[in-house]
Amino acid sequence: MSAPSVTGVPELIAKLTRLGTEGARTAKASVSVVADLIVADAKSNAPADLGTIRQNIGQTTTQEGEVTMSRVFSAAPESAFQEFGTGGKVEVPEFMADIAAQFKGKSSGDFEAFVKALTGWVKRKGINPVGSYQVSTRSRITRGGKKDIDEQTAYAIARSILKNGLKPQPFLYPAYIKNIGKLELMLQTALQQLMRNA
């Protein structure tokens, strides 16, 4: 999938900026509004378990001369893994390949922390292993209470994820695709209004 075309946007922003302070302010506001729409949809699309990704999605809008730019981001360490997947299940839209490449091969923790986080997820989801309540791990075979079962289940899931990968749950690029086309229309409308009022 290629990025939606926004080829007319730089020219529209430049035309608005040349109309003076009001034009520059309007250009920045339009870019910021569309970025806010992308942020809202990305938060809606993001995995909701603990809300970590949702809470870390934001945007900044800057303006330097005739250049107005918004940067939409997710600061949660696991964002790239959720957006693009891991292992053999990675799916990266062509226009985001450079962004995804920054995260290839990177890890945000160790295996024990991964199992611990998954143990909490197993508990919250109420996941119970099917069949035997005994899972063999490299270091031990544990039998017993619910805590052990949750940890064993999390361990098995963690090994499966490391072996097979994690299916992507894109949240940011669908929000971008949905909203970026609105920017050119907003800028054209703003330019027409300002020229009528000039």
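Residues numbered from 1 in each chain as written. Predicted model: local features only at pLDDT ≥ 70, side-chain atom pairs only at ≥ 80, totals over all residues. Heavy atoms only, no water.

Caption draft 1: Quick peek at the pairing of strand E2 (residues 67-74). Here strand E1 (residues 57-64) pairs with E2 via eight bridges, running antiparallel. Across the sheet, the residue bridging to Thr62 is Met69, located in E2. In sequence, E1 turns back onto E2 through a hairpin of two residues, with Gly65 there showing a positive phi of about 60°. (Pairing = 2+ DSSP bridges. Helix = DSSP H or I, 4+ residues; strand = E, 2+ residues; numbered from the N terminus.)

Caption draft 2: Looking closely at the side chain of Ser74. Examined against the element boundaries, Ser74 turns out to sit in strand E2. In contact with Ser74, other than residues within four places in its own chain, are Ile53, Asn56, Ile57, Ser79 and Phe171. (Contact = heavy atoms within 4.5 Å.)

Caption draft 3: Highlighting the pattern of salt bridges. What the rule picks out here adds up to three salt bridges. Taking the shortest distance from any N to any O, the salt bridge between Lys178 and Asp41 comes out at 3.3 Å. Taken together, the positions of Lys178 in helix H8 (residues 172-179) and Asp41 in helix H2 (residues 21-45) put the pair 137 residues apart, joining distant regions of the chain. Judged by relative accessible area, which is 53%, Lys178 ranks as exposed. By relative accessible area, which is 18% here, Asp41 ends up buried. Taking the shortest distance from any N to any O, the salt bridge between Arg124 and Asp49 comes out at 2.4 Å. Separated by 75 residues along the polypeptide, Arg124 in helix H6 (residues 111-125) and Asp49 in the loop between H2 and helix H3 (52-55) bring together distant segments of the chain. When its relative accessible area of 36% is taken as the criterion, Asp49 is described as partly exposed. (Salt bridge = Lys/Arg side-chain N within 4 Å of Asp/Glu carboxyl O. Buried < 20%, exposed > 50% of the residue type's maximum accessible area, 1.4 Å probe, protein only.)

Caption draft 4: Here's a closer look at the nonpolar core. In this structure, Leu16, Ile57, Phe171, Leu183 and Leu187 are the most contacted members of the largest nonpolar core, which totals 23 residues. Elements supplying a minimum of two residues to this core: helix H1 (9-18), H2, H8 and helix H9 (181-197). Per-element tally for this core: the top contributor is H2, with six residues. Listed in part, the seven residues of the second largest apolar core include Val115, Leu118, Ala158 and Ile161. (Core = buried A, V, L, I, M, F, W, Y, C linked by side-chain atoms within 4.5 Å.)

Caption draft 5: Structural detail: the packing of H2 against H9. Across the interface, H2 lies against H9 with an axial gap of 10 Å and an inter-helix angle of 155°. Between H2 and H9, the angle falls in the class roughly antiparallel. Here the hand of the crossing between H2 and H9 comes out right-handed. Mapping the contact onto sequence places Glu22, Gly23, Thr26, Ala27, Ser30, Val31, Val33, Val34 and Leu37 in H2 and Lys182, Leu183, Met186, Leu187, Ala190 and Leu194 in H9. Its residues assigned to classes, the contact of H2 with H9 comprises 10 nonpolar, three polar and two charged. (Axes fitted to C-alpha atoms, helices over the stretch in contact; angles between N-to-C directions. Parallel < 35°, antiparallel > 145°, perpendicular 65-115°, else oblique. Left-handed = near helix turned anticlockwise from the far one by under 90°. Nonpolar A, V, L, I, M, F, W, Y, C, P; charged D, E, K, R; others polar.)

Caption draft 6: Quick look at H6. A rise of 1.5 Å per residue sets the reference length of H6, with its 15 residues, at 21 Å; its end C-alpha atoms lie 21 Å apart and thus fit the reference within 8%. Every buried residue of H6 is listed here: Val115, Leu118, Thr119, Gly120 and Val122. A positive phi of about 70° marks Gly126, the residue just after H6. (Expected span 1.5 Å × (residues − 1).)

Caption draft 7: Local environment of the layout of surface pockets. In this structure, the largest pocket spans a volume of roughly 1,400 Å³. As for the largest pocket, its lining consists of 42 residues, and the residues nearest its centre are Glu78, Phe81, Gln82, Phe114 and Leu166. At the level of secondary structure, the elements contributing two or more residues to the lining of the largest pocket comprise H3, helix H4 (79-84), helix H5 (97-101), H6 and helix H7 (146-164). With nine residues, the top contributor of residues to the lining of the largest pocket is H6. Split into classes, the residues belonging to the lining of the largest pocket amount to 22 nonpolar, 13 polar and seven charged. The volume enclosed by the second largest pocket comes to roughly 840 Å³. The wall of the second largest pocket is formed by 34 residues, among which Arg71, Val72, Phe73, Ile99 and Leu172 lie closest to the centre. Going through the elements one at a time, H1, H2, E2, H4 and H8 are the ones with two or more residues in the lining of the second largest pocket. Per-element tally for the lining of the second largest pocket: the top contributor is E2, with eight residues. Among the residues forming the lining of the second largest pocket, the class breakdown is 26 nonpolar, five polar and three charged. (1 Å grid on protein atoms, 1.4 Å probe; cavity = no way out; pocket = protein on both sides within 12 Å on 5 of 7 lines; lining within 4 Å. Points joined across faces, edges and corners; volume = space filled by probe spheres on them.)

Keep in mind that these numbers describe shape and distance, not what the molecule does.
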